[in-house]
Amino acid sequence: RASASLSYPAQPVIRCMNALHPTSLVAIDILKPYGTVDGETLLLTQCSDVSGSLTPPGSFTSIQDTSNVAIWHQAYYRVASSEGSSYTVANNTQANILTTLMRISNAATSSPISTSSSATGTSSTPTGTAITPGQDNCLLIYTQGCDDDEVQTGTGTPSTWTHAYSES
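Residues numbered from 1 in each chain as written. Predicted model: local features only at pLDDT ≥ 70, side-chain atom pairs only at ≥ 80, totals over all residues. Heavy atoms only, no water.

### Remarks on the packing of aromatic side chains
Argument step 1. In this structure the tally under the stated criterion is one aromatic pair.
Argument step 2. Ring centres of Phe60 and Tyr87 lie 5.3 Å apart, and the angle between their planes is 85°; this geometry places the pair in the edge-to-face category. Separated by 27 residues along the polypeptide, Phe60 in the loop between strand 4 (54-55) and strand 5 (61-67) and Tyr87 in strand 7 (residues 86-91) bring together distant segments of the chain. (Phe/Tyr/Trp six-rings, centres within 6.5 Å; stacked < 30°, edge-to-face > 60°. Helix = DSSP H or I, 4+ residues; strand = E, 2+ residues; numbered from the N terminus.)

### Digging into the sheet that holds strand 5
Argument step 1. Spatially, 1-8-3-6-5 is the arrangement adopted by the five strands of the open sheet, whose pairing is antiparallel. The two strands at the open ends of the sheet, each matched to only one other strand, are strand 1 (13-20) and strand 5. Averaged over all pairs of adjacent strands, the angle between strand axes in this sheet comes to 15°, irrespective of strand direction.
Argument step 2. Of the pairings in the sheet, the one linking strand 3 (residues 41-48) to strand 8 (residues 97-105) comprises eight bridges and is antiparallel in character. Across the sheet, Ser48 pairs through a bridge with Ile97, a residue of strand 8. (Pairing = 2+ DSSP bridges. Axes fitted to C-alpha atoms, helices over the stretch in contact; angles between N-to-C directions.)

### Notes on the nonpolar core
Argument step 1. Ranked by size, the top nonpolar core spans ten residues in total: Leu20, Ile30, Leu42, Leu44, Phe60, Tyr76, Ala80, Tyr87, Val89 and Leu101.
Argument step 2. Counting residues per element, the ones that place at least two in this core are strand 3 and strand 7.
Argument step 3. Once residues within four sequence positions are removed from consideration, Tyr87 is found in contact with Ile28, Asp29, Ile30, Lys32, Leu42, Pro57, Phe60, Arg78 and Leu101.
Argument step 4. With five residues, the next largest nonpolar core counts Tyr77, Met102, Ile104 and Ala107 among its residues. (Core = buried A, V, L, I, M, F, W, Y, C linked by side-chain atoms within 4.5 Å. Buried < 20%, exposed > 50% of the residue type's maximum accessible area, 1.4 Å probe, protein only. Contact = heavy atoms within 4.5 Å.)

### Here we look at the confidence of the model for the protein chain
Argument step 1. Overall, the prediction assigns the protein chain a mean pLDDT of 77, with 76% of residues at 70 or greater.
Argument step 2. For the protein chain, the element scoring lowest by mean pLDDT is strand 4, at 70; strand 3 scores highest, at 88.
Argument step 3. Every residue in residues 1-7 scores below 50 in pLDDT, and together they form two contacts with partners more than four places removed in sequence or on other chains. (pLDDT = per-residue confidence, 0-100.)

### Here we look at the side chain of His73
Argument step 1. Along the polypeptide, His73 turns up in strand 6 (residues 72-79).
Argument step 2. Using a relative accessible area of 11% as the deciding quantity, one classes His73 as buried.
Argument step 3. Side-chain polar atoms of His73 contact the side chain of Gln64, separated by 2.9 Å.
Argument step 4. The contact partners of His73, leaving out residues within four places of it in the chain, are Gln46, Cys47, Gln64, Asp65, Thr66, Thr143, Gln144 and Gly145. (Polar contact = N/O pair within 3.5 Å; in protein donor to acceptor, adjacent residues only side chain to side chain.)

### Some remarks on a nonpolar patch on the surface
Argument step 1. A cluster of nonpolar side chains, contributed by Ile131, Leu140, Tyr142 and Trp161, occupies part of the molecular surface with about 350 Å² of accessible area.
Argument step 2. Given the relative accessible area of 37%, Ile131 is considered partly exposed. (Patch = residues over 30% accessible without salt bridge, like charges linked within 9 Å, V, L, I, M, F, W, Y side chains within 5 Å. Areas by Shrake-Rupley, 256 points an atom, 1.4 Å probe, with all protein chains shown as cover. Salt bridge = Lys/Arg side-chain N within 4 Å of Asp/Glu carboxyl O.)

### A closer look at the side chain of Glu83
Argument step 1. Considering the arrangement of structural elements, one finds Glu83 in the loop between strand 6 and strand 7.
Argument step 2. Overall, the relative accessible area of 17% leaves Glu83 in the buried class.
Argument step 3. Within polar-contact distance, the side chain of Glu83 engages the side chain of Arg78 at 2.8 Å.
Argument step 4. Dropping the residues within four chain positions of it, Glu83 is found in contact with Lys32, Thr36, Asp38, Leu42 and Arg78.

This is the structure we're talking about:
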C-alpha cells in the first residue's frame, strides 16, 4: 500500500472473474468480466475431461495447451481493447468443460504474460518447470484441471498460495 512518503509500483490484481461449467456444449458465450476497460489483461482458461480440441475466441493468444489424455487444459490472454459484451468458446466434442475469464488490472500491457509452465501426467503430485518472475510486483496464477471424482473441490492448491476459486 502506498503512503505519503513512499511510492510503490502498481501491482497486477484480479478485479473480476466469470466462470462457465455447462454439462455439454459445442459453443457457448462467456460474459466479459464486469468493469473491463481498454489496457487490462484478460486471462481465459479452459479444462475439459476429454482430449478434444478446445477453441478460444480468435482474439486471444495461446499461453499453454496441454493434454494427458484424461484432461485437457488450455490458457490464453489478450489485452482488452474495444471489448464486446461476451466471447464464444467452443470444443469439438460435447464434453464437460470449465471455462474461466479473469480481468486483471495493472499488468504490463506490452507483455502481460511473461512466462508459463505446465505439469502433465497421472501423478497425484505433478510438478512443472519452476517459474522465476522477471520483475517485482507481479501476479502469479496457478490453475489446475483434474479428471477424478476423488479430487475434492478446493484441494491441490500449493501450500504457499491463496486459494481463490474451485468448481467440481
